[in-house]
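Observations on the model geometry
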Amino acid sequence: MSRYAEVAVQLPVAGLYHYLIPERLQGKDLVGHRALVPFGNRGISGVIVAMSDTAPEGVARMKELYALLDAEAMIIPPVLSLCLWVAQYYESPPGETLRAALPPGTAITADQGVELTEAGRAVAAGQGGALPKVQLDLLMALSGESELVSQRDLTKGRAKASDVARLVEAGLASYVLSSKAARIKDKQVRVARVVRELSEVDREKLQRAKVRYKVYQALEEAGGETDVSKLKEAHPLAATHLKKLAQDGFVALSERVVRNDAWKGHESDSDGMIADVNPLALNEAQDKAAVAMCSQMDSEKFGAFLLYGITGSGKTEVYLQVIANCLKRGKNAIVLVPEISLTPQLAARFRARFGPLVAVLHSALTTRERYDEWHRLREGQAQIALGARSAVYAPIDNVGVIVVDEEHDPSFKQEEGVRYHAKDVALVRARNAGAICILGSATPSLESYHGTITGRLRLLRLPTRATGRDLPPVELVDMRRHQPDKESMLTAPLRSAIEETLHAGDQVILFLNRRGFDTFVMCTACGHAFRCRQCSVSLTYHRFREKLMCHYCAHEEALPHTCPKCEATDSISRRGFGTEKIAEAVASAFPQARVERLDRDVATGDAIQKVLGRVARREVDILVGTQMVTKGHDFPGVTLVGVLCADTGLSLPDFRASERTFQLLTQVAGRAGRGDKPGKVLVQTYKCENLAIAAASQHDFDRFYAGESADRQELGYPPFGYLVAIRVDGRDASSVIRQCRQVADIARSVDAEVSVLGPAEAPLAKLKGRVRWHLWLRAQDRLKLRHAVRQVIHRADTRPGVRMTIDVDPVSAL
C-alpha cells in the first residue's frame, strides 16, 4: 500500500506539499526527517511533518520524494509541533519556520538535470526522425553536451518542461538529480583503540619493531583509546604502524564524530568578569521566588511566572538555582537572552556553574561552532541551551524550565522573515512540555504585567538589591535651564558630577541612544539635506570612516566639499549628536580620563567583549554608548550614570515610545552603584514632566504602568486589544498604494468589530529602494482579528513587484 508524506519545503511558500514515499522507505517513520524533494525543475530540502495512507483529494499524479538527508529525525516532536504552531499563528511559511530549528549550513538543494539515453543518442545521430522541431532541437542540444544539463537551462528558450517530459516518456532522455552538498558536515577524526591485550610472547615480538612498540605504548598510556592525530605529534609515522597493529588484531581503527565546545574559543570574552562557581546565599525574596518555581516544577504542570526584580536584585542567581534543581530532576533547560554577545557576564556565570552542560547558540559564533553546539544539544552532551531568540527552538526534549531574561526587550521579536515573538513562543513551548516559564525583568512589558493581573502569569517580586544597597537616586537636569555644551552635550551639573566621580577613582557611563558623529548634514546656502537615495532617512556622518552612512540599508558616500544641488562651497554644515562625537568631545573635556565607546559601529567581531572586559578590569574611566550599555551589565566600579538626552525616543510615531523610554532610562540608571559605593544618576531632559521620565526618575514602575495602561485601554491597544500590522512595499508607488487600499477594503468588509487603521504611508516611507505603506487591524477578539487577516491573505490580489507582509502582534510601528 502506498504512503504519502506532507513536506514543509524550505522556501518562502505557504502550505505543505504532498509526495509519494518510495517503496524502500514505506515501512519507516519519517516524521521530523529532512528529505530532498522535487519542486519545479529542482530539488529542495524540506521537513516531513506528517505521513498518511491516503492520497490528498484532487491530486491525480504525485511526485516521489528523492531521498532522506539524515539517518535520524533532525526535528524532534516537541519542536516540530511548536514550529507548526508558529507558522499558523504568525501566518508564515512552515518551511521557513522550521529552518530556524535546523542547524546552520545544512541546507541541501539539487538541480534536475537531463541527459540522453542510449536510444536518444541513436535518434540524435540519425537526425531525429519524425520528432517535432522543439523536441528535435532539445535532442540535438543534449547530444552536443559532455556534462549534465539542468532542465532550467534547457527550458530558457522556446522549449517547455512538457517538451522535456515527452522526451523522457519516449525513453530518449532521463532525469538525473545533481545535488549540492551542505556547507557544513560532521567533523570526523581517526581513532585508535586497543582491542587485545599483549601477551608476553606478543610483547616480545612487538618490541623488535621499536617505533611500532612505542606507538602501542603511547596508546596504552592514553587509556587505550585516542585520536590518531595526537599519536602522530610524537610519532610522525604512527598511522602506518597503527595500520599494521590493526592487521595483527591488537588495535581497531575507526572514525569518530567530534563536537567542539564553542565556549573554549571564547573564554577571553568574559576576561575580568567575576563568575561564581558555587551557589550564592539567597535573600528572603529570592528564596521565596525560587521555592515557588521549584514547587510548580515538582507538579510537572505548566506554570508561567513574571520575576519582577529591580536592577541588581539577583534575578540571574534565581535562574541558576532553579535550573540546577531542574537538572537534578533529569530535565533540561532553555535560557533566552536579548543579545548574548552583549551579556558575556551572564554566559560566563552559566558556564562557571554548569560547565560543558551549557551550549551557547548565537550569531557571533562561526557556522561550524553553531553546528556543533546544536548537535551537542541534540545528542544530549549539553542540557542547557543559552542563546538569543532562535534558541527557543533548541533540539532538546524533556524541558523543565524556560527562562526569558529581560523579557521586555524588543529584540525578542523577529522583524524579518518569520515575525515571531520568542517570549510568546517560549510560553507555548513550556505549556506543551508541562514545564515552567520564567519571564524576568526590572522593567516588565505592559503585556506581561497585565498578565499578572488577569492571572495568566504569577507575579514574583524582588524588591531590593542583592547587595542590600538602595537604588541610586536620579536627578533630572532641566535642559531648558541648564544649556548643554555644543560639543559634548554636557550640562554644568553633569560635568561637575563627572569631575567628582573621576576624582574619587570611580567610573562613569554616559548614555545617548544615537550613534554616529553628526546625525544631520545640510547645505546652509540652499537648505539641501543629505538623505539616503534608497531610504527616507537622513544620512549620518561617521568621522572614523569619513563617510555619510545610512543606518538602514548601509549605503555610504563621501562627504562632499560642495553642495550637489546649488554647488556652493564651504556651505556644508554638520549638526546633531551621536556617540562618536560625544566620545571625542568628552575625551577632550577630560584629557586625563580613559574614554571608550560602545555602539554598533565598534561592535564588530569580539570588540564588544573586549570593551566590556576593559570596563570590568577598570581600564576604562568613561564609557559612552547607545542602548548597548543598558543590557544587564554589572560593573561595581560605575557610580555615575549620565543620560545625555532622555527625550530622543519620545517623539517616534509609535504607541510604545513612552514605554521604551521608561525601560531604557530605568535600565541604564540601574548600572550605577552596584558595588560597594553608592551611585547616582543624572538625566538631562527638556521634558521633566513627561510620565515616562518622571516615573523613571523615581524608579516607580507602578506609577508608569497606571498612567500608560489608562491611555492604552482608551485606545484599545495592547494589552487591552490585539493588533496585526499589514505592510505593503514595492518599487512602484502607485502599485503599492492600490494594493494597500484594496487590503483595507477587504478588511473592512469582513467584520465591523475589526477596526482598520489606515492605510497610510509608513513612518519610514522608503526603505532599501522600496516604497512602504501600511495599515493596522485592531480588535478585542483575537479570533475575529485572525479571520479578517486570513480573508485578506486569500482575497487580496498579487501584484508584480509588490510584497505584502503580515506582522501578528507587532512590536515596532516603523
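Up top is the structure these notes are about.
Residues numbered from 1 in each chain as written. Predicted model: local features only at pLDDT ≥ 70, side-chain atom pairs only at ≥ 80, totals over all residues. Heavy atoms only, no water.

**Looking at the overall build of the chain**
Scanning the chain from N- to C-terminus turns up 24 helices and 33 strands. The dimensions of the chain, computed from C-alpha atoms along their principal axes, are 95 × 85 × 65 Å. A burial count over the chain gives 53% of its 814 residues as buried. If you take every contact in the chain between residues at least 6 apart in sequence, the share linking residues at least 24 apart comes to 75%. Split by element, the accessible area of the chain, about 36,300 Å² in all, is 49% carbon and sulfur. Measuring between centres, the 108 positive side-chain charges of the chain sit 2 Å from its 98 negative side-chain charges. (Helix = DSSP H or I, 4+ residues; strand = E, 2+ residues; numbered from the N terminus. Buried < 20%, exposed > 50% of the residue type's maximum accessible area, 1.4 Å probe, protein only. Contact = heavy atoms within 4.5 Å. Areas by Shrake-Rupley, 256 points an atom, 1.4 Å probe, with all protein chains shown as cover. Lys, Arg positive; Asp, Glu negative; His and termini not counted. Charge placed at Lys NZ, Arg CZ, Asp CG, Glu CD.)

**What about the sheet that holds strand β31 (residues 755-767)?**
Working definition: the strands of a sheet are paired by backbone hydrogen bonds and lie parallel or antiparallel to each other. Read across the open sheet, the 4 strands follow the order β31-β32-β30-β33; overall the sheet is antiparallel. Of all the strands in the sheet, the pair left with one neighbour each is β31 and β33 (802-808). Between one strand axis and the next, the sheet turns by 20° as a mean value, whatever way the strands run. Helix-sheet contacts for helix α24 (residues 782-795) involve β30 (722-730), β32 (770-779) and β33, and the interaxial angle to β30 is about 15°. (Pairing = 2+ DSSP bridges. Axes fitted to C-alpha atoms, helices over the stretch in contact; angles between N-to-C directions.)

**Side note on the state of the cysteines**
What the rule picks out here adds up to 0 disulfides. The closest cysteine sulfur to the non-disulfide-bonded Cys 83 is located on Cys 437, 17 Å from its own sulfur. (Disulfide = S-S within 2.5 Å.)

**Observations concerning the pattern of salt bridges**
Applying the stated criterion across every chain yields a total of 45 salt bridges. Here Asp 807 makes a salt bridge to Arg 727, at a shortest N to O gap of 2.9 Å. Residue Asp 807 is located in strand β33, and its partner Arg 727 is located in strand β30; the two are separated by 80 residues in the primary sequence. In terms of burial, Asp 807 and Arg 727 fall into one category: buried. Connected through shared salt-bridge partners, Asp 186, Arg 259, Arg 368, Asp 372 and Glu 379 make up one network. (Salt bridge = Lys/Arg side-chain N within 4 Å of Asp/Glu carboxyl O.)

**Looking at empty space enclosed by the protein**
Applying the stated rule across the entire model yields 4 cavities of 30 Å³ or more. If you trace the second largest cavity, you find it lined by Tyr 89, Glu 91, Tyr 722, Leu 723, Val 724, Arg 782, Leu 785, Arg 786, Val 789, Val 808 and Asp 809. Counting only elements with at least two residues in the lining of the second largest cavity, the list comes to β30 and α24. The element that contributes the greatest number of residues to the lining of the second largest cavity is α24, accounting for 4 residues. Class assignment for the residues of the lining of the second largest cavity results in 7 nonpolar, no polar and 4 charged. (1 Å grid on protein atoms, 1.4 Å probe; cavity = no way out; pocket = protein on both sides within 12 Å on 5 of 7 lines; lining within 4 Å. Points joined across faces, edges and corners; volume = space filled by probe spheres on them. Nonpolar A, V, L, I, M, F, W, Y, C, P; charged D, E, K, R; others polar.)

**Digging into the sheet that holds strand β10 (residues 225-227)**
A sheet is described by the order of its strands in space; here 3 strands give the open sequence β10-β9-β11, paired in antiparallel fashion. Of all the strands in the sheet, the pair left with one neighbour each is β10 and β11 (251-258). On average, each strand axis in the sheet is tilted by 30° relative to the strand beside it, whichever way the strands run. Here 3 bridges tie strand β9 (residues 187-194) to β10, and the two strands are oriented antiparallel to one another. What sits directly across from Ala 192, in β10, is Thr 226. In this fold helix α8 (residues 210-221) packs onto β9, β10 and β11, with an angle of close to 100° to the strand it touches most, β9.

**Looking at the packing of helix α20 (residues 657-669) against helix α22 (residues 701-715)**
Two elements in contact, α20 and α22, have axes whose closest approach is 11 Å; the angle formed by their N-to-C orientations is 170°. The angle between the axes of α20 and α22 places the two elements in the roughly antiparallel class. Between α20, through Ser 658, Glu 659 and Phe 662, and α22, the contact on the second element is made entirely by Phe 701, Phe 704, Glu 708 and Arg 712. Broken down by class, the residue content of the contact of α20 with α22 amounts to 3 nonpolar, 1 polar and 3 charged. (Parallel < 35°, antiparallel > 145°, perpendicular 65-115°, else oblique.)

**Observations concerning the nonpolar core**
The tendency in soluble globular proteins is for nonpolar side chains to be buried as a group. With 108 residues, the main nonpolar core has Leu 336, Tyr 393 and Leu 777 as its most contacted residues. Looking at which element gives the most residues to this core, the answer is helix α23 (residues 733-750), with 7 residues. Not counting the four nearest positions on each side in its chain, Tyr 393 is found in contact with Val 79, Leu 82, Cys 83, Val 86, Thr 97, Ala 100, Ala 101, Tyr 420, Val 425 and Arg 429. Counting residues in each nonpolar core, the second largest holds 32 residues, with Leu 307, Leu 327, Ile 384 and Val 403 among its members. (Core = buried A, V, L, I, M, F, W, Y, C linked by side-chain atoms within 4.5 Å.)

**Let's talk about unusual backbone geometry**
Residue Pro 719 is bonded to the preceding Pro 718 through a cis peptide linkage, with omega at 10°. Looking at where Pro 719 falls in the secondary structure, it is placed in the loop between α22 and β30. The omega angle of the peptide bond from Gly 758 to Pro 759 is 5°, so this bond is cis rather than trans. Within the secondary structure, Pro 759 sits in strand β31. Of note, the phi angle at Glu 406 is positive, near 55°, even though the residue is not glycine. Its identity as a non-glycine residue notwithstanding, Asp 809 has a phi of 55°, on the positive side.

**Examining the packing of helix α16 (residues 446-454) against α22**
Between α16 and α22, the shortest axis-to-axis distance is 11 Å and the interhelical angle comes to 95°. By the criterion of interaxial angle, the relationship of α16 to α22 is roughly perpendicular. Every residue of α22 that contacts α16 at Leu 446, Tyr 449, His 450 and Ile 453 is listed here: Phe 701, Asp 702, Phe 704, Tyr 705, Glu 708, Ser 709 and Arg 712. Counted by class, the contact of α16 with α22 contains 6 nonpolar, 2 polar and 3 charged residues.

**Focus on the packing of aromatic side chains**
To describe a pair of aromatic rings, you give the distance between the ring centres and the angle between the ring planes. Evaluation of the coordinates by the stated rule reveals 14 aromatic pairs. Summarising the aromatic geometry, the rings of Tyr 308 and Tyr 449 are spaced 6.4 Å apart at their centres and angled 85° between planes, so their arrangement reads as edge-to-face. In this pair, Tyr 308 sits in strand β12 (residues 303-309) while Tyr 449 sits in helix α16, placing the two residues 141 residues apart along the sequence. Take Tyr 308 and Tyr 449: they sit in the same class, and that class is buried. (Phe/Tyr/Trp six-rings, centres within 6.5 Å; stacked < 30°, edge-to-face > 60°.)

**Thoughts on helix α6 (residues 161-169)**
Residues spaced three or four apart along an α-helix face the same direction, because each turn holds 3.6 residues. Buried residues of α6: Asp 163, Val 164 and Leu 167, and no others. The buried side chains of α6 occupy one side of the element, clustering within an arc of 100° when seen end-on. As for α6, its buried residues are in contact with β6 (109-116), α4 (133-143), α5 (151-154) and β8 (173-180). Directly after α6, the chain includes Gly 171, whose backbone phi takes a positive value near 80°. (Arc of directions from axis to C-beta.)

**Brief notes about the pairing of β33**
The buried fraction of β33 is high, at 5 of 7 residues. Relative to β33, β30 is paired through 7 bridges, and the arrangement is antiparallel. Along β33, the bridge assignment pairs Gly 730 with Val 802.

**Describing the environment of Ala 422**
Among the structural elements, Ala 422 can be located in helix α15 (residues 422-433). Sequence separation of Ala 422 and Arg 772 is 350 residues, and the distance between their C-alpha atoms is 26 Å. Not counting the four nearest positions on each side in its chain, Ala 422 is found in contact with Leu 336, Arg 389, Val 392 and Phe 412.

**Some words on the environment of Gly 249**
Structurally, the position occupied by Gly 249 is in the loop between α10 (238-247) and β11. The spatial distance from the C-alpha of Gly 249 to the C-alpha of Val 195 is 7.4 Å, given a sequence separation of 54 residues. When neighbours within four sequence positions are excluded, Gly 249 is seen to be in contact with Val 195 and Arg 196.

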